[in-house]
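As a plain string of letters, each chain reads:
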Amino acid sequence: MSKTKARPWRSILLLFVVLAMVAGACGDDEPTDTTAAPTTTAAATTTAAPTTTAAPATTAAPTTTAAPTTTMAPLSEATVRWAGFGGMAELLFFITEDQGFFEQQGLEVERIELGGGVDLFTALASGSVAFTQLGTQHGIRSVSNGLDFRGIYGFSHGPNEFGVISPEAAAAAGITNDSTLAAKFEALRGLKIGTGRPGSTTTTLAIGAMEQRGIDTETEVELVPLGRGSALLPAFQAREIDAFFWIPPETQIAGAEEGSVLIDFRELDELAQVNWAGYMTTDSYIIEHPDTVLAFLRAVLSAREWALANEDAAFEIAKGRFPDLDEAVVRQSFQIDYDSLKPSILWSDVGFEQARYIFDLGQEEPSTTLMSAVVTNELVVQAANELGIAVG
């Protein structure tokens, strides 16, 4: 935990300083509005963002061209914790960390790795981390349960989840990778299928996708909740399970075995524009540390711009994170998540409603939680404007 967390009086003093700055910048605006416009609490940091003069997207060495962090005003909380669950889904975080964009913004970020979305949800709810990456449906769940999760940076793309069917099961069903999506799902009947933890986005969607296609997941398949990729892949390779659902690179490793068949969730019509996941914090953290939140967003936005201009270098970072994997597997896994960086970084009404569809798959009653209660685009737009980065 950061030093500011260890000294509550110091955090309170810093909070008063930040709020005073906001009050001076915003006139009669209410500086601690917790719901309507959290960005008003962060306006004070706009004068302390020398990175607006940097152009990381046009250089392969952004850490040498950006304004020195020594010229920046100290953040109210400069040492923060991030929770991730490994895999290529953390590609943008890896790039931000490896290329020094956090340091440019005056941040020291400690990364901890957990098993999956349910664990990340718990970590953020407990306050043990300041930021994490979660499926949008977890944000809906949190607000529906009275928690103050807030999505601050959206991924506007389809899901990067996959199912993998063993060569033996695929051969018995007479399917290949060229078979239709319907045929692949039909091949799952009667199989022992590994999943993540109950309630995780991957598990919820896998069960929902099977049920939507007429498979009774209580009687026609055997679900084995192994929890995470590091358990699912070995179980699949040992044929303790016939199929499993997870994310790259584990699914691409399994799919590389001759005769294995992949189910690509990006082909699901019901999720064509889904806001699959996003970076999340809490409303209370935004109120306490608006400058830190904006610094975090400026860092990841700068990393995205750099990555889109330097694909080969971004791939080398991915390779460095998975040094023991076959390069072809890394390349396939990288491309899936790299391509997902390209669309808009904003949540949309359609994308959010498709995320609500995932959430509702595990509920008895449909959710009525509003998008405005779960996510905000205002903070990331503010950070992008400070950097001169387009958000479309």
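Keep in mind the model is a prediction, meaning the values are calculated, not measured.

Trainee: Even after reading the chapter, I still don't get the overall build of the chain, so can you show me in this structure?
Mentor: Each helix and strand counted, the chain has 19 helices and ten strands in total. Buried residues in the chain amount to 56% of all 392 residues. Looking at the chain alone, contacts between residues at least 24 apart form 79% of all its contacts between residues at least 6 apart. With an accessible surface of roughly 15600 Å², the chain has 52% of that area assigned to carbon and sulfur atoms.

Trainee: Before we go on, may I ask you to explain the environment of Leu-134 in this structure?
Mentor: Structurally, Leu-134 is set in strand β3 (residues 131-135). Sequence-distant contacts of Leu-134, that is, excluding residues within four places in its chain, are made with Gly-117, Leu-120, Phe-121, Phe-149, Ala-277, Gly-278 and Met-280.

Trainee: Before we go on, may I ask you to explain the packing of helix α10 (residues 201-212) against helix α17 (residues 349-361) in this structure?
Mentor: The description of two packed helices rests on the angle between their axes and on the distance between the axes. Following both chains from N to C, one finds α10 and α17 inclined at 85 degrees, their axes separated by 8 Å at the closest point. Between α10 and α17, the crossing angle belongs to the class labelled roughly perpendicular. From α10, Thr-201, Thr-204, Leu-205, Gly-208 and Gln-212 reach across to α17, where they touch Tyr-357, Ile-358 and Leu-361. Residue classes in the contact of α10 with α17 are distributed as four nonpolar, four polar and no charged.

Trainee: Just checking my understanding: could you explain the pattern of salt bridges for this structure?
Mentor: Between side chains of opposite charge, a pair can form as their charged atoms come close. Inspection of the entire model under this criterion finds 19 salt bridges. A salt bridge links Arg-356 to Glu-353; its shortest N-O distance comes to 2.9 Å. Residue Arg-356 and its partner Glu-353 are located together in helix α17, separated by three residues, close to a single helical turn. With a relative accessible area of 10%, Arg-356 lands in the buried category. When its relative accessible area of 40% is taken as the criterion, Glu-353 is described as partly exposed. One network of salt bridges, in which partners are shared, links Glu-90, Arg-111 and Glu-113.

Trainee: Just to check I follow, could you spell out the packing of aromatic side chains for this structure?
Mentor: Each aromatic ring pair is specified by the distance between its two centres and by the angle formed by the two planes. Tallied over the entire structure, the rule returns 16 aromatic pairs. With a centroid separation of 5.6 Å and an interplanar angle of 75 degrees, the aromatic rings of Phe-131 and Tyr-285 are classed as edge-to-face. Taken together, the residues Phe-131 in strand β3 and Tyr-285 in helix α13 (residues 283-288) connect sequence positions 154 residues apart. For the pair Phe-131 and Tyr-285, one class covers both residues: buried.

Trainee: Help me understand the side chain of Thr-195, please; the structure alone is not making it clear to me.
Mentor: Looking at the secondary structure, you find Thr-195 in strand β6 (residues 192-196). Not counting chain neighbours up to four residues away, the residues in contact with Thr-195 comprise Thr-203, Leu-223, Val-224, Pro-225, Leu-226, Gly-227 and Leu-232.

Trainee: For this particular structure, what's the right way to read the sheet that holds strand β9 (residues 261-264)?
Mentor: Pairing within the open sheet is mixed, and its five strands lie in the order β7-β6-β8-β5-β9. The open sheet terminates on both sides in strands that have one partner only, identified here as β7 (222-227) and β9. Strand-to-strand twist in this sheet, taken as the mean axis angle between neighbours without regard to direction, amounts to 20 degrees. When strand β5 (residues 162-165) meets strand β8 (residues 243-246), the two strands line up antiparallel, connected through four bridges.

Trainee: Quick question: what am I supposed to make of the sheet that holds strand β2 (residues 108-113) here?
Mentor: Sheet strands pair by backbone hydrogen bonding; their relative direction is either parallel or antiparallel. Spatially, β2-β1-β3-β10-β4 is the arrangement adopted by the five strands of the open sheet, whose pairing is mixed. Every other strand in the sheet has two partners, leaving β2 and β4 (149-155) as the edge strands with one partner each. The mean inter-strand angle of the sheet, taken between neighbouring strand axes irrespective of direction, is 30 degrees. Pairing of β4 with strand β10 (residues 277-282), which is carried by six bridges, proceeds in the antiparallel orientation. Residue pairing across strands places Gly-151 opposite Met-280, the latter belonging to β10. This element, helix α6 (residues 117-126), spans β1 (79-84), β3, β4 and β10 of the sheet and lies at about 140 degrees to β3.

Trainee: Looking at this structure, I do not really get the nonpolar core. What am I missing?
Mentor: Taken as a class, soluble globular proteins show a tendency for nonpolar side chains to be buried jointly. With 77 residues, the main nonpolar core has Tyr-153, Ile-165, Leu-188 and Tyr-279 as its most contacted residues. For this core, the element with the most residues is helix α14 (residues 290-309), which contributes eleven residues. In terms of nonpolar packing, the next biggest core, distinct from the first, is built from 14 residues, Val-164, Leu-233, Ala-235 and Leu-262 among them.

Trainee: What should I look at first to understand the environment of Leu-223 in this one?
Mentor: Within the secondary structure layout, Leu-223 lies in strand β7. A residue is classified by how much of its surface remains accessible, and Leu-223, at 28% relative accessible area, is partly exposed. Along the backbone, Leu-223 and Thr-195 are 28 residues apart, and their C-alpha atoms lie at a distance of 6.8 Å. Non-local contacts of Leu-223, meaning those with residues more than four positions away in its chain, are made with Ile-193, Thr-195, Ile-207, Met-210 and Thr-217.

Procedures and definitions
- Residues numbered from 1 in each chain as written.
- Predicted model: local features only at pLDDT ≥ 70, side-chain atom pairs only at ≥ 80, totals over all residues.
- Heavy atoms only, no water.
- Helix = DSSP H or I, 4+ residues; strand = E, 2+ residues; numbered from the N terminus.
- Buried < 20%, exposed > 50% of the residue type's maximum accessible area, 1.4 Å probe, protein only.
- Contact = heavy atoms within 4.5 Å.
- Areas by Shrake-Rupley, 256 points an atom, 1.4 Å probe, with all protein chains shown as cover.
- Axes fitted to C-alpha atoms, helices over the stretch in contact; angles between N-to-C directions.
- Parallel < 35°, antiparallel > 145°, perpendicular 65-115°, else oblique.
- Nonpolar A, V, L, I, M, F, W, Y, C, P; charged D, E, K, R; others polar.
- Salt bridge = Lys/Arg side-chain N within 4 Å of Asp/Glu carboxyl O.
- Phe/Tyr/Trp six-rings, centres within 6.5 Å; stacked < 30°, edge-to-face > 60°.
- Pairing = 2+ DSSP bridges.
- Core = buried A, V, L, I, M, F, W, Y, C linked by side-chain atoms within 4.5 Å.

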